[in-house]
Amino acid sequence: MLISINWIRDFVDLDGINIDELIHKFSLSTAEVENEIFYKGSDLSGVVVAEIKSVEEHPKSKKLHLLKVDAGEAELTDVVCGAPNVRVGMKTAFAKLGAQIGDITIAPRDLAGFTSHGMCCSEQELGISDSNDGIMEITDDVAVGTDIKSIYEIDDVIFEVDNKSLTNRPDLWGHYGIAREIAALAGRPLKAIETADLSQYKDLPPVDIKIEDELCKRYSGIRFENISRKVSPVNMRIRLFYCGMRAINWLADLTNYLMLEMGQPMHAFDSRKVEKIRVKRFDKPFEFKTLDGVERHIDENTLMICNGDIPVAIAGIMGGLDSEIVDDTTSLTLESANFDAVSIRKSSSRLSHRTDASMRYEKSLDPEMTTVAAARFVKLLSDFDSGVKVTSSLTDEYAQKFDKVTLNFDKKFVDRYTGIEISNDTIVKTLTALGFGVTLNGDEFTVDVPTWRATKDVTIKADIIEEITRIYGYDNFDLNTAAAPLYPVRMFEEKNAEEQIKDLLVKRYSMHEVHSYIWAYADEYKKLGIEVEENVKLSGAANPNIETLRRSMIPTQLCQVRSNVSFDTDFGIFEIGHVVDGLKADGLCNEKKMLGITLFSKTMSTEDLYMKMVNIISVMMDDIRHKSVEFRAAEADHAYIHPKNYNTVICDGKELGRIGLVYPTVLRKIDKKANVVFAELEIDAVVNTENAGIHYEETSKFPSIDVDLTFITEKYAPIKAAIETVNSELIKNVALVGTYSDDLGKAVTIRISFVHPERTLTKEEVMEIADRIIGILKDQGISLKG
């Protein structure tokens, strides 16, 4: 949000104060200020009020005009101008020779055979508006030759406050709230905002207003007639532009101006189109065209402002096209209301339409502001359009009030929290400057929280401590070492296991950790020919591409691989993230934390890449749980999975996850010359696997005997089972040497290491055990390769 120091000066005397230092102090104590401060008007000089005395058509150009301009000097100035709105008697902004406009210095210039000795300027060229459809027209009664910066607030200091830091401060969404903070920081009094006395209209007929839904907390309205002004005052337009809004027309600008000044959104209806105001929701959805000309789908949860039963505005978000203020509008009905914050946020999200008004209503605005803002509107409207007539009383429907918040604490409480000595007088002065009501009885404080801070911000005693200390200045605290015991904190087992997994995958296998969101990105999936599987969806998702939550991390990683195929010929990525597998019985998402691993290679065969993934998972479980894993065939449960070589990862008889290959059509869309293997394990299953620990035993002094056996089979599992059946204490290690293919088919070679702790083994002892293994496998139809 952009803040104007000129606007702040309306409410706080800042004479003699270093503005840059004040903004820095505001950033430290109240809300984060973005780095850059804008010094508006500092690059503008030599621009004066001038009157056009004559206009002639340029003989060689259809667009240019030859002007004689009175700039307050002894002689008239010749100017060549291409603006379409020039006319005799018009006063405008004139840049004299030597004037500075941004980086441009005005000098004599030949244009189509005539010399221009200055430039008539548009508001855009002066940097005070985005209007560039003609030169600026000055309608105020000012003498020619007057420096334009002396009559208009062109010189200003603008700083930007980060909106995120204002989330819990609804009172800071207007300049008056910011001024209150700055007054407290500067130690200057805050001026009361000037408003009209609305009690003088109490005998006029009321506006027909009725709140028919609890989502509207308060609705205030008042009517006006005989409105003649069409264009806003220059200074108002400048402030709006400097603060990021464009001028539209007098009435629209006035409501926007007051929203930026007080933080209270208002809406002006053409009274010819709104007679009976009803605030309600509808039973059935319908289409509604808003001020921006867009047809929007209104559902039964969206609060509407209606003329009787006809909707004329989306409450708290945007008005309707049919009731907008137009050029011939002379009467209006003003809305100053307060709506449920959650309702506005949800409606704004469903409609995918967030406005300046809805952003403020989402923050839980103070309902007490509606009548004050209406009184301020009447004051400004009357000041700048003297013929305006108020034709109704201020009609105020107040359906729900926030509870009054009163907090009691003592001086010891403040001292204990702050750790420093802050006097009672300082506490009272600080809280009073911020608008709190303070009663001091000895060292006992009773604090009444102002309504603009009580909607969501200050609710407990600790909040008061924050108010005191931030204005006192955190940089004024003495630096002392905290006298508190420090105890070692043991890392949670889940976190410890995750860190071990990450270290292993990065350090040993040179893999890259990635991060992604939990959405199933429909547009990215489509590029790989992967359908988004039916799952939990976000209600009113702003982007249809991310409305469905993912069931698996693998499609996300396949998209990431596709985006990085040019990174290297071989690489691997992994992530520990979340997926959602439908809903649980209690209606909540069945959310799971998963480890996803994807390997990509243009140099390795499918078999080698697959065995690398097998090795990664085996080593990982051996490292963190000291357990071996096995792999059992499974049926492909997703369309992007190849039905062959899809296996369940088993440890201690429990399923940890799955390992598999990508379906060929998907693989071709990633890279036609590459292979991709993936694995997805459930972190909870990995963590809950019992840690077998490390078993230490004395190394035998006697040599071991290694026996290599090659069996004609495609699977290692039967061989492993046969060795476990023999269960010989002399077998100390079994290693998979490799797999081979020839005319006889596929073969698996294993190496069995035999050793005895107390003597040297004989060949007969070793072969007797090997023969038993061979015999078990032979009975299963698995023969030893000769």
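See the structure above.
All of these numbers come straight from a predicted model, not from anything done at the bench. (Residues numbered from 1 in each chain as written. Predicted model: local features only at pLDDT ≥ 70, side-chain atom pairs only at ≥ 80, totals over all residues. Heavy atoms only, no water.)

**Points about the side chain of Asp671**
- Looking at where Asp671 falls in the secondary structure, it is placed in the loop between helix 19 (664-670) and strand 33 (675-682).
- Separated by 3.4 Å, the side chains of Asp671 and Lys602 make a polar contact.
- In this structure, Asp671 is in contact with Val565, Phe600 and Lys602, ignoring residues within four places of it in sequence. (Helix = DSSP H or I, 4+ residues; strand = E, 2+ residues; numbered from the N terminus. Polar contact = N/O pair within 3.5 Å; in protein donor to acceptor, adjacent residues only side chain to side chain. Contact = heavy atoms within 4.5 Å.)

**A word on the nonpolar core**
- The biggest cluster of nonpolar side chains holds 83 residues, and the ones touching the most others in it are Phe26, Phe159, Phe224, Leu332, Phe377 and Ile464.
- Those residues within four positions of Phe26 in sequence are excluded, and the remaining contacts are Ala31, Val33, Phe159, Val161, Ile178, Glu181, Ile182 and Leu185.
- Met511, Leu609, Ile617 and Cys651 belong to the second-largest nonpolar core, a separate cluster that totals 33 residues. (Core = buried A, V, L, I, M, F, W, Y, C linked by side-chain atoms within 4.5 Å. Buried < 20%, exposed > 50% of the residue type's maximum accessible area, 1.4 Å probe, protein only.)

**Some remarks on the layout of surface pockets**
- Size it by volume and the second largest pocket reaches roughly 810 Å³.
- Contributing to the lining of the second largest pocket are 30 residues, with Ile248, Asn256, His267, Leu291 and Met318 lying nearest its centre.
- A total of five residues in the lining of the second largest pocket trace back to one element, the largest contributor, which is helix 7 (residues 250-262).
- Residues belonging to the lining of the second largest pocket are distributed by class as follows: 17 nonpolar, eight polar and five charged. (1 Å grid on protein atoms, 1.4 Å probe; cavity = no way out; pocket = protein on both sides within 12 Å on 5 of 7 lines; lining within 4 Å. Points joined across faces, edges and corners; volume = space filled by probe spheres on them. Nonpolar A, V, L, I, M, F, W, Y, C, P; charged D, E, K, R; others polar.)

**A few points about unusual backbone geometry**
- With a phi close to 55°, Ser510 is a non-glycine residue in the positive phi region.
- For Ser510, the location among the structural elements is in the loop between helix 15 (493-508) and strand 27 (512-513).
- What makes Ser510 exposed here is its relative accessible area of 53%.
- Of note, the phi angle at His626 is positive, near 55°, even though the residue is not glycine.
- Position of His626 among the secondary structure elements: in the loop between helix 18 (606-625) and strand 30 (630-633).

**Let's talk about the packing of aromatic side chains**
- This structure, assessed with the given rule, holds 15 aromatic pairs.
- Both rings, one in Phe26 and one in Phe159, keep their centres 5.9 Å apart while their planes meet at 65°; by these two values the pair is edge-to-face. Here the residue Phe26 occupies a position in helix 2 (residues 19-29), and Phe159 occupies one in strand 11 (residues 156-161), the gap between them amounting to 133 residues.
- Its relative accessible area of 0% is what places Phe159 among the buried residues.
- Directly above the aromatic system of Trp452 lies the positively charged group of Arg180, at a separation of 4.0 Å from the ring centroid.
- A cation sits over an aromatic face here: Lys461 above Phe413, 4.7 Å from the ring centre. (Phe/Tyr/Trp six-rings, centres within 6.5 Å; stacked < 30°, edge-to-face > 60°. Lys NZ or Arg CZ within 6 Å of the ring centre and 35° of its normal.)

**Description of the pattern of salt bridges**
- For the coordinates displayed, the defined rule picks out 53 salt bridges.
- Between Arg272 and Asp270 there is a salt bridge, and its shortest N-O distance comes to 2.6 Å.
- Look at Asp270 and you get buried, because its relative accessible area is 0%.
- Between Glu630 and Arg632 there is a salt bridge, with the nearest N and O atoms lying 3.4 Å from each other.
- Connected through salt bridges with shared partners, the residues Arg169, Asp171, Glu181, Arg453, Asp457, Glu467 and Arg470 form a single ionic network. (Salt bridge = Lys/Arg side-chain N within 4 Å of Asp/Glu carboxyl O.)

**Some details on the packing of helix 21 (residues 717-726) against helix 22 (residues 763-779)**
- Direction vectors running N to C along helix 21 and helix 22 enclose 130°, while the axes themselves pass 9 Å from each other. With respect to helix 22, the axis of helix 21 lies oblique. Where helix 21 crosses over helix 22, the two elements pack in a sense that is right-handed. Side by side, helix 21 and helix 22 meet where Pro718, Ile719, Ala722, Ile723, Thr725 and Val726 of the first sit next to Ile769, Arg772, Ile773, Ile776 and Leu777 of the second.
- Taken together, the residues of the contact of helix 21 with helix 22 sort by class into nine nonpolar, one polar and one charged. (Axes fitted to C-alpha atoms, helices over the stretch in contact; angles between N-to-C directions. Parallel < 35°, antiparallel > 145°, perpendicular 65-115°, else oblique. Left-handed = near helix turned anticlockwise from the far one by under 90°.)

**Quick look at empty space enclosed by the protein**
- In this structure the tally under the stated criterion is one cavity of 30 Å³ or more.
- Computed from the structure, the largest cavity encloses a volume of approximately 30 Å³.
- If you go around the largest cavity, the residues you meet are Ile128, Ser129, Asp130, Arg237, Phe241, Met245, Arg246 and Ala247.
- Classifying every residue of the lining of the largest cavity by side-chain character gives four nonpolar, one polar and three charged.
- Residue assignment places the lining of the largest cavity across two domains, with domain 2 (44-154) and domain 3 (198-398) each supplying three or more. (Domains from an automatic or database assignment.)

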